[in-house]
Amino acid sequence: MRAQQRRKTWGADAIRFVTGNAEKENDLFSEQEAPELPTIGAALRVSPRFLDLADLVCRHKEPTRYNLLYAALLRLRETPRFLEIASDPLVRRLEDMARAVRRDCHKMTAFVRFREIEAPDGARFVAWFEPSHYIEELAAPFFVDRFASMQFAILTPRTSILRDGTLRFGPGARRDDAPPLGDFAGAWDVYYRSIFNPARLMKRAMLKEMPKKYWANLPETRQIAAMSSAAHLREDQMVAAPAAKAEHGVARVAARFAEARTPREPADAYEALLREAKACRLCSLADCATQIVFGEGPMQARAIFVGEQPGDQEEVRLGGVDEGFQGLRLGRCP
Amino acid sequence: MREHRLYQADWLMRYYGFAAEEIVDGASDGMLDLERDPKLAWALRNRALFPIDVNRAPRETLLRVPGLGARVVKRILTARRHVALRIDDLARLVHSLDAVRPFVVTPDWRPTGLIDSASLVGKLASRGSRQLDLFA
């Protein structure tokens, strides 16, 4: 009987992943020696979808994220298409974490505020930001692209994105390391006040787009409370105010428009006939025809040319009798 | 609100396979119901078609269930190839299970009585406040 070599698979609960924050987590294992790692057995294959998901989940602040990913790996071994089971609690958890990371990154691109500092070799820009997850490396390429000609630094508690010629990541910083917004704060206040529409105040939507956790670093949000409470009052004033004087030229355009819309009596029999023809639905041609081709020319003419029927040029594009093939030939006559 | 209902009706025709007649049918004075979204209104008018089995119904039928959007339906279809969806699984997929529950059947859930209840209409009525007219 051949003894079968059983490859040991450590269950999801048997492994503790220790990150760089070990001293903060008061981990007992940090005092023990690390066990000897076994040699790697057969390679594990996963779909690119899992790799993309893992990339994002690793950046989440959740301490147990590696355990969750490892558990997902084990499930993937039995069920290669495990990630398709969107109803599974683990899949749901991982997708939620990935979404939170993406959202945090997106908000970072929206809410970073630079201040300008004069330096001997040109202006530099510094910003202070507090992301919720470990997204600085993910968001940096956006800023490099967007502010391609700027030399800037985005300081966060964990690291700092530094860009002066090259992109690199420095140590974390404190809020005081970034200069205050100064004059810029006033400019942001004015800008925000100007675009604030009291008649369209939707608190839930506003908080969804601009969560309160970012308000500390967005100085213009100091005005929100006051503007919100005054919004109804401003709206009432707007409604009560007399109609504003119409702009120059509006009266003329309105008059022209009104005139064009009022039906008036046909000027003569020709126009009456033209109107009737345009509205004619006596036969099925009315359903597919583009337009009618009416006659043209002086009413007192001594000769009338009657064509057999309009061609495609006349009907579709031009609407005039002389335009198409027959018209061309007529036109050539001396 | 009326504008909102019009957009919803347009969405239904584009992505959910509704015909215009189905949306307008039963509408008083030719206007869309302001209290309920068009999809829910249609489902309440056609209660005989429900409840449907989440694990067996085809895509077009799933799209008709109030509370199941196009993305959720796609996830249901891929997930049910691997597992039989129970009510807890559905809860993790949809935005509001309360909206969906009266109209579906799973191995561990039957909407007994709910679908025929006269008070269903009241329960599912929009809880949102009436939108005020800006220029009253």
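Residues numbered from 1 in each chain as written. Chains lettered and ligands numbered in written order. Predicted model: local features only at pLDDT ≥ 70, side-chain atom pairs only at ≥ 80, totals over all residues.

Observations regarding the overall build of chain B
The number of helices and strands found in chain B is eight helices and two strands. Along the chain direction, N to C, the helices and strands of chain B fall in the order α-α-α-β-α-α-α-α-β-α. Considering only contacts in chain B between residues 6 or more positions apart, those separated by 24 or more positions represent 53%. (Helix = DSSP H or I, 4+ residues; strand = E, 2+ residues; numbered from the N terminus. Contact = placed C-beta atoms within 7 Å.)

Thoughts on the overall build of chain A
The number of helices and strands found in chain A is 13 helices and five strands. Of all 334 residues assigned to chain A, the portion counted as buried reaches 12%. Of the contacts made within chain A by residues no fewer than 6 positions apart, 57% connect residues no fewer than 24 positions apart. (Buried ≥ 20, exposed ≤ 12 C-beta atoms within 10 Å, placed from the backbone.)

What to know about the nonpolar core
Counting residues in each nonpolar core, the largest one holds 45 residues, and the members touching the most others are Ala127(A), Ile154(A), Ile76(B) and Val100(B). Every element with two or more residues in this core is listed here: α2 (48–58), α4 (89–111), β2 (122–128), α5 (136–146) and β3 (152–155) of chain A together with α3 (38–45), α5 (70–79) and α6 (87–93) of chain B. Every residue in contact with Ile76(B), bar those within four places of it in the chain, is listed here: Val54(B), Leu62(B), Leu85(B) and Leu93(B). (Core = buried A, V, L, I, M, F, W, Y, C linked by C-beta atoms within 7 Å.)

Topic: the sheet that holds β3(A)
All names here are of chain A. If you walk across this open sheet you meet the five strands as β1-β2-β3-β4-β5, and the pairing is mixed. Strands with a single pairing partner mark the edges of an open sheet, and in this sheet they are β1 (114–119) and β5 (166–171). If you compare each strand with its neighbour and ignore which way they point, the axes differ by 20 degrees on average. Across six bridges, the pairing between strand β4 (residues 159–164) and β5 is antiparallel. Opposite Ile 161, over in β5, you have Phe 169 as the bridge partner. Contacting β3, β4 and β5, α5 crosses the sheet at an angle of about 25 degrees to β4. (Pairing = 2+ DSSP bridges. Axes fitted to C-alpha atoms, helices over the stretch in contact; angles between N-to-C directions.)

Description of the interface of chain B and chain A
How big an interface is tends to be expressed through the accessible area that disappears when the partners come together. The partner chain A presents ten residues to the eleven residues of chain B that form the contact. Across the side of chain B that touches chain A, the residue classes break down as six nonpolar, two polar and three charged. (Nonpolar A, V, L, I, M, F, W, Y, C, P; charged D, E, K, R; others polar.)

Here we look at the packing of helix α3 (residues 65–78) of chain A against α4(A)
Residues and elements named next belong to chain A. Packing of α3 against α4 brings their axes to within 10 Å, and their N-to-C directions diverge by 135 degrees. Here α4 runs oblique to α3, going by the angle between their axes. Handedness of the α3/α4 crossing: left-handed. Residues Arg 65, Leu 68, Ala 71, Ala 72 and Arg 75 of α3 form the contact with α4, whose own contacting residues are Leu 90, Arg 93, Leu 94 and Met 97. Residue composition of the contact of α3 with α4, by class: six nonpolar, no polar and three charged. (Parallel < 35°, antiparallel > 145°, perpendicular 65-115°, else oblique. Left-handed = near helix turned anticlockwise from the far one by under 90°.)

Some remarks on the environment of Arg75(A)
Residues and elements named next belong to chain A. Its location among the elements puts Arg 75 in helix α3. As a C-alpha pair, Arg 75 and Leu 90 span 15 residues in sequence and 9.8 Å in three-dimensional space. When neighbours within four sequence positions are excluded, Arg 75 is seen to be in contact with Phe 82 and Leu 90.

A few points about the packing of α2(A) against α4(A)
Residues and elements named next belong to chain A. Where α2 contacts α4, the axes come no closer than 8 Å and their chain directions differ by 65 degrees. For the pair α2 and α4, the sense of crossing is left-handed. Listed contacts from α4 to Leu 53, Leu 56 and Val 57 of α2 are Leu 94, Met 97, Ala 98, Val 101 and Arg 102. Its residues assigned to classes, the contact of α2 with α4 shows seven nonpolar, no polar and one charged.

Notes on the pairing of β5(A)
Counting buried residues in β5(A) gives zero out of six residues, a small share hidden from the surface. From the end of β4(A) to the start of β5(A), which pair antiparallel, there are one residue, and Gly165(A) there has a positive phi angle of about 85 degrees.

Focus on the environment of Gly122(A)
Assignment of secondary structure puts Gly122(A) in strand β2. Residues Gly122(A) and Gln151(A) lie 29 residues apart in sequence; the distance between their C-alpha atoms is 8.7 Å.

Remarks on unusual backbone geometry
With an omega dihedral of -5 degrees, the bond running from Phe50(B) to Pro51(B) counts as a cis peptide bond. Mapped onto the elements, Pro51(B) comes out in the loop between α3 and β1 (52–53).

Topic: the confidence of the model for chain B
Confidence along chain B averages 85 in pLDDT terms, with 84% of residues attaining 70 or more. In the model output, the complex is listed with pTM 0.70 alongside ipTM 0.81. (pLDDT = per-residue confidence, 0-100.)

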